[in-house]
Amino acid sequence: MATYDKAIESYKKAVTTAASLAASAMLMRGVVNELVPYEVRGFLFSGLGYLRWRMSSQHTVVIEETEGWASNQLYDAARTYLATRINTDMQRLRVSRVDEGKSLMFSMEEGEEMADVHDGTEFKWRLVCRDSTSGGNGNGNGRGGNGNYRLEVRSFEMSFHKKHKEKALTSYLPHILDTAKKIKEQDRTLKIYMNEGESWFAIDLHHPSTFSTLAMDHQMKQSVMDDLERFVKRKEYYKRIGKAWKRGYLLYGPPGTGKSSLIAAMANYLKFDVYDLELTEVNWNSTLRRLLIGMTNRSILVIEDIDCTLELQQREEGQDGTKSNPSEDKVTLSGLLNFVDGLWSTSGEERIIVFTTNYKERLDPALLRPGRMDMHIHMGYCCPESFRILASNYHSISNHVTYPEIEELIKEVMVTPAEVAEVLMRNDDTDIALEGLIQFLRGKKGDAKDSKGENVEHVAKEDEKEMMMKKEVSDNQNLNDAGKQ
């Protein structure tokens, strides 16, 4: 009992002392406000604030949502970055989705805190919201009768030990900007643009083709992927050698061999928008230039069926063999080449140019040389490897009892990946679909025998393959040598 009484007495003394100190502080504050001039009071209070800051081990960086009338890129980057590291067990969590095809996006709610570790250092984040009264003539929510309206001002407060200030400013914040940029590039919806007159019009590009689903020779596919990877990493290299940062690809082969699917796979792989240029809609070289310089960086320019979309005028000779002077009043080969490899080629950066054709031999040699079309890619008929990819895509199988017969038949007949895919899609039952493919291939083989004699088509196909492979080795030898350097 005596111990209890002593505790009560100590508590009363502590309360009395605290009250006395509080009263003294209030009295002191009142005296200061009454007797000390305003300028001196400001100096004293700022000095006390500085003293508290010097004694504190924490440092805080404030990142406002806006900077004047412009959005703060660092705030946007921090919000994107933190969304991938947020703890979903937080008591209050904000969840949103702006596109049906996107996943849920998590973000912090006002007043919540979270921690992130970078390079062994902990950084604490807190979302702060406050009201700000602004004047103006706009119609803002909560506007008062005096012409002012209230705005919600958001900011992130990033706190850390002050000894890590240098790391926070020179390492952590740049890391957030770089990571957020990669996240946005990965998640953004690609666009495909079409030309009408002198303008581009865009729609979302949702083509599902990827290199993993592309029915194409594995060695050639890997060569294309490696070339794309090397290209996007060579900004300083192109600058050093004095060339425009661009790359040209020529896709050639019979219809139905996957040229358009390869373009879509390239766009999805690099996250580049696609500009599908219809040359028949362009009447003047000047219009062509305006369209091409209106493209964004990190994009793919596609001109399909370049051999027949437009009768491009030759640069040196007319159709009658006489010298000609191409006019600026029409689209000429010179006008196109000037963008591909001339002065106008420097109007943008990190661009890929793709020409497609069914008949490579019809193209003007000026289009084919390295520096314009750097890599020539032959899109050939279906091979056993392509068939297996298609069977995996359409029926989710890696092997089947019919594979040996199908692969032998594919070696003997000329069949495009598009034809094989169409047969595989006819039935959801794998056994029935593959049996249907066997009958289809047998029919093509029989037709070939009736029209040309036995084994003629097989020999022709093998000769074509051998000729094309030799040509590809020759066309891309310089490319491989440059890559090794």
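Above this note sits the structure.
First things first, this report covers the structure right here in the doc. What you are looking at is a predicted structure, and each value in this text was computed from that prediction instead of being measured.

The number of helices and strands found in the protein chain is 15 helices and 15 strands. Counting across all 485 residues of the protein chain, residues that qualify as buried make up 38%. Here the analysis covers contacts within the protein chain between residues at least 6 apart in sequence; of these, 68% occur between residues at least 24 apart. When the accessible area of the protein chain is evaluated, it comes to approximately 28900 Å², of which 51% is carbon and sulfur surface.

Time to look at unusual backbone geometry. One non-glycine residue, Lys271, lies in positive phi territory at about 60 degrees. As for its position among the elements, Lys271 is in the loop between helix H7 (259-270) and strand E12 (273-276). Unusually for a residue other than glycine, Ser396 sits at a positive phi of about 55 degrees. Secondary-structure assignment places Ser396 in the loop between helix H11 (384-395) and helix H12 (403-412). Note on Ser396: relative accessible area 67%, which makes it exposed.

Turning our eyes to something else, we now look at the packing of aromatic side chains. Enumeration over the complete set of coordinates arrives at 13 aromatic pairs. Pairing Phe231 with Tyr238 gives two aromatic rings, centres 5.9 Å apart and planes at 80 degrees, and the pair type is edge-to-face. Since its relative accessible area comes to 2%, Phe231 is described here as buried. Taken together, the ring pairs connect Tyr75, Tyr81, Phe123, Trp125, Phe156, Phe160 and Tyr172 into an aromatic cluster. Between the NZ or CZ atom of Arg234 and the centre of the ring of Tyr237, over which it lies, the distance is 4.2 Å. Over the ring of Tyr359 we find Arg362, and its NZ or CZ is 3.9 Å from the ring centre.

Attention now goes to the sheet that holds strand E11 (residues 246-252). Here 7 strands make up an open sheet; going across it, the order is E10-E9-E12-E13-E14-E11-E15 and the pairing mixed. Strands at the two margins of the open sheet, each flanked by one partner only, are strand E10 (199-204) and strand E15 (375-378). For this sheet, the mean angle separating the axes of adjacent strands, direction not counted, is 25 degrees. When E11 meets E15, the two strands line up parallel, connected through 4 bridges. If you follow Leu250 over to E15, its bridge partner there is His376. Strands in contact with H7 are E11, E12, strand E13 (299-303), strand E14 (351-357) and E15; relative to E14, the strand with the most contacts, it is inclined by about 170 degrees.

Turning to the packing of H11 against helix H13 (residues 417-424), a few remarks are in order. Their axes nearest at 10 Å, the elements H11 and H13 cross at an angle of 35 degrees. Handedness of the H11/H13 crossing: right-handed. Between H11 and H13, the contacting residues are Phe387, Leu390, Ala391, Tyr394 and His395 on the first element and Pro417, Val420, Ala421 and Leu424 on the second. The residue makeup of the contact of H11 with H13, split by class, is 8 nonpolar, 1 polar and no charged.

Analysis parameters
Residues numbered from 1 in each chain as written. Predicted model: local features only at pLDDT ≥ 70, side-chain atom pairs only at ≥ 80, totals over all residues. Heavy atoms only, no water. Helix = DSSP H or I, 4+ residues; strand = E, 2+ residues; numbered from the N terminus. Buried < 20%, exposed > 50% of the residue type's maximum accessible area, 1.4 Å probe, protein only. Contact = heavy atoms within 4.5 Å. Areas by Shrake-Rupley, 256 points an atom, 1.4 Å probe, with all protein chains shown as cover. Phe/Tyr/Trp six-rings, centres within 6.5 Å; stacked < 30°, edge-to-face > 60°. Lys NZ or Arg CZ within 6 Å of the ring centre and 35° of its normal. Pairing = 2+ DSSP bridges. Axes fitted to C-alpha atoms, helices over the stretch in contact; angles between N-to-C directions. Left-handed = near helix turned anticlockwise from the far one by under 90°. Nonpolar A, V, L, I, M, F, W, Y, C, P; charged D, E, K, R; others polar.

The analysis is restricted to geometry; functional conclusions fall outside its scope.
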